[in-house]
Amino acid sequence: EAAHEAYAAALHLRADTGTRIRDALVLPVIPNSRDHIAESRGRLEEKLDALAEDDLSLEDPLREVGATNFLLAYHGLDDKAIQEKIAQVYLKACPALAFEAPHAKDWMAGLEGGAPRIGFVSSFFNEHTIAKLNHGLINGLPKARFDVSVFSFSEVQDSWSDRFKSGTPNYVQLEKELAAAQKQIADAELDILYYTDIGMEPQTYFLSFARLAPVQCVTWGHPVTTGIPNMDYFVSGALTEPENSSDAYSEKLLRLDGFSTCVAKPEEIAGLPDKDYSPGQRIVCPQSLFKYHPDFDAILGGILRSLPDAEIQLIDGSHPAWSALLQKRLIRSLSDVSDRIQILPRLNREAFAELLRAADVILDTPHFCGGMTTYQALAAGTPVVTLPGDYMRGRLGLGLYRQMQMTDCVAEDAADYVEITKRLCSDVAFAKRVRAQITEGQSNIFDNRAAIDRHAKFFEKVMFEG
């Protein structure tokens, strides 16, 4: 509400295109209800429609807007139409976004010689979930068959950024200015440009409007379609995509067999001492607070009412206001049990790993579930209860369990979610059997070389077929 008021005042003073777009993109971090989500999306579409009818001008979207519509994906709805509207507004306001690299104009599939030149681009090739999800693929592609480059907007120096620099002869630090970054990638004359994430931050989002390689792909670092015309493929996995899911993508959906990532077992988990399991009722939901859809409130309430002695632990948000907003919503929606929901302070990497190991149950958030967090919990041997959503971003837990060939913790509906959680906390034999299955199935989800091979086959196929 304060943001709406501030933008109204700003627009009264100067209704420039950048400010109008920023105003349109305002969405609640912690929505109050389903109605609040519907109202916010309606407001967004109304303002986009008004923008589309006007003369618009942006010289530098990165400077004048400098934001993405990151929060839209957490509503559990089909975002394709809105994503496409946003992209068209940007292209109308700034046609230069659709810059085309000279070599891409004349490229013809099957006529290029030598190893395919593949570039990976992100702002998160440092200690970040995106780095951990993609390092295995980037480092694992056979060097004899592929010429691999890494393009990084990140200036963070840590052990993970060192891995990307040392493992890739062609490591390019991208300029912050958009046109300069476009030129750096265009000069590499890539055959395939692979975005590990689009929509989490503005630099790669605006970069992706350009045609910098003949074939351009994005995968599920931010698991929602981009709506951007120059993005050719969305790389996903058959284990996570529901039927007819291609309708939700502006890109051509590529369903790789199995799970689509090659992730190493997390070091912070592997370093924990062995621990004998003793059953209890410690329930943890370690997800970012903006993943807490209003639909999840009733599930949390059902769990607490079915387990009168249990508490559910959450983790504080990046901003104190997020926790305060969520607490306010939970007090209103779960007045009888909200006092048994505890918000822990933010944790360092080691403490977070210990929390996952110590938990009896990890709760996955519906509509937009955990990715790396689920990998970490399963590495710790802790059951993760998940409820698959309608879109891939709510089905990553399902995909991992399918890869492990176990589905005991995959709920059919909200009531089943509550029942599985209750059983894991009260049925010792069931809990031990599930944990044994997780331990046995870990080898199926970590160091998944098959995902690299499937990417390699796709890259070589698209080189010849376009």
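Computed from a prediction, not measured in an experiment: that's the story for all the values here.

## Section: the packing of helix α7 (residues 129-140) against helix α19 (residues 449-465)
Two quantities define a packed helix pair, namely the angle between the helix axes and the distance between the axes.
Part 1 of the argument: Contact geometry for α7 and α19: axes closest at 10 Å, N-to-C directions at 60 degrees. Relative to α19, the element α7 is oriented oblique. In this structure, the crossing between α7 and α19 has a hand that is right-handed. Contacts from Gly136, Leu137 and Gly140 of α7 reach α19 at Arg449, Ile452 and His455.
Part 2 of the argument: Across the contact of α7 with α19, the residue classes break down as 2 nonpolar, 3 polar and 1 charged.

## Let's talk about the pairing of strand β3 (residues 170-173)
Part 1 of the argument: Sheet topology note: the strand β2 (residues 147-152)/β3 ladder contains 4 bridges and is parallel. Bridge assignment links valine 150 to a residue of β3, and that residue is tyrosine 171.
Part 2 of the argument: You can see the chain leave β2, run along helix α8 (residues 159-167) and come back into β3, and the turn it takes is right-handed.

## Details of empty space enclosed by the protein
Part 1 of the argument: Applying the stated criterion across every chain yields a total of 5 cavities of 30 Å³ or more.
Part 2 of the argument: Surrounding the largest cavity, 14 residues form its lining, Thr225, Ala248, Tyr249, Tyr391 and Arg393 being those nearest its centre.

## As for the nonpolar core
Part 1 of the argument: Ranked by size, the top nonpolar core spans 123 residues in total, and within it Tyr90 and Leu363 carry the most contacts.
Part 2 of the argument: Looking at this core, the element that brings in the most residues is helix α5 (residues 80-93), giving 7 residues.
Part 3 of the argument: Those residues in contact with tyrosine 90 that sit more than four places away from it in its chain are Ile21, Leu25, Leu58, Val65, Ala67, Leu97, Tyr205, Phe206 and Phe209.
Part 4 of the argument: Formed by 29 residues, the second largest nonpolar core is a distinct cluster that contains Leu137, Val150, Tyr194 and Met463.

Rules and cut-offs
Residues numbered from 1 in each chain as written. Predicted model: local features only at pLDDT ≥ 70, side-chain atom pairs only at ≥ 80, totals over all residues. Heavy atoms only, no water. Axes fitted to C-alpha atoms, helices over the stretch in contact; angles between N-to-C directions. Helix = DSSP H or I, 4+ residues; strand = E, 2+ residues; numbered from the N terminus. Parallel < 35°, antiparallel > 145°, perpendicular 65-115°, else oblique. Left-handed = near helix turned anticlockwise from the far one by under 90°. Contact = heavy atoms within 4.5 Å. Nonpolar A, V, L, I, M, F, W, Y, C, P; charged D, E, K, R; others polar. Pairing = 2+ DSSP bridges. Right-handed = clockwise from strand over helix to strand, strands pointing away. 1 Å grid on protein atoms, 1.4 Å probe; cavity = no way out; pocket = protein on both sides within 12 Å on 5 of 7 lines; lining within 4 Å. Points joined across faces, edges and corners; volume = space filled by probe spheres on them. Core = buried A, V, L, I, M, F, W, Y, C linked by side-chain atoms within 4.5 Å. Buried < 20%, exposed > 50% of the residue type's maximum accessible area, 1.4 Å probe, protein only.

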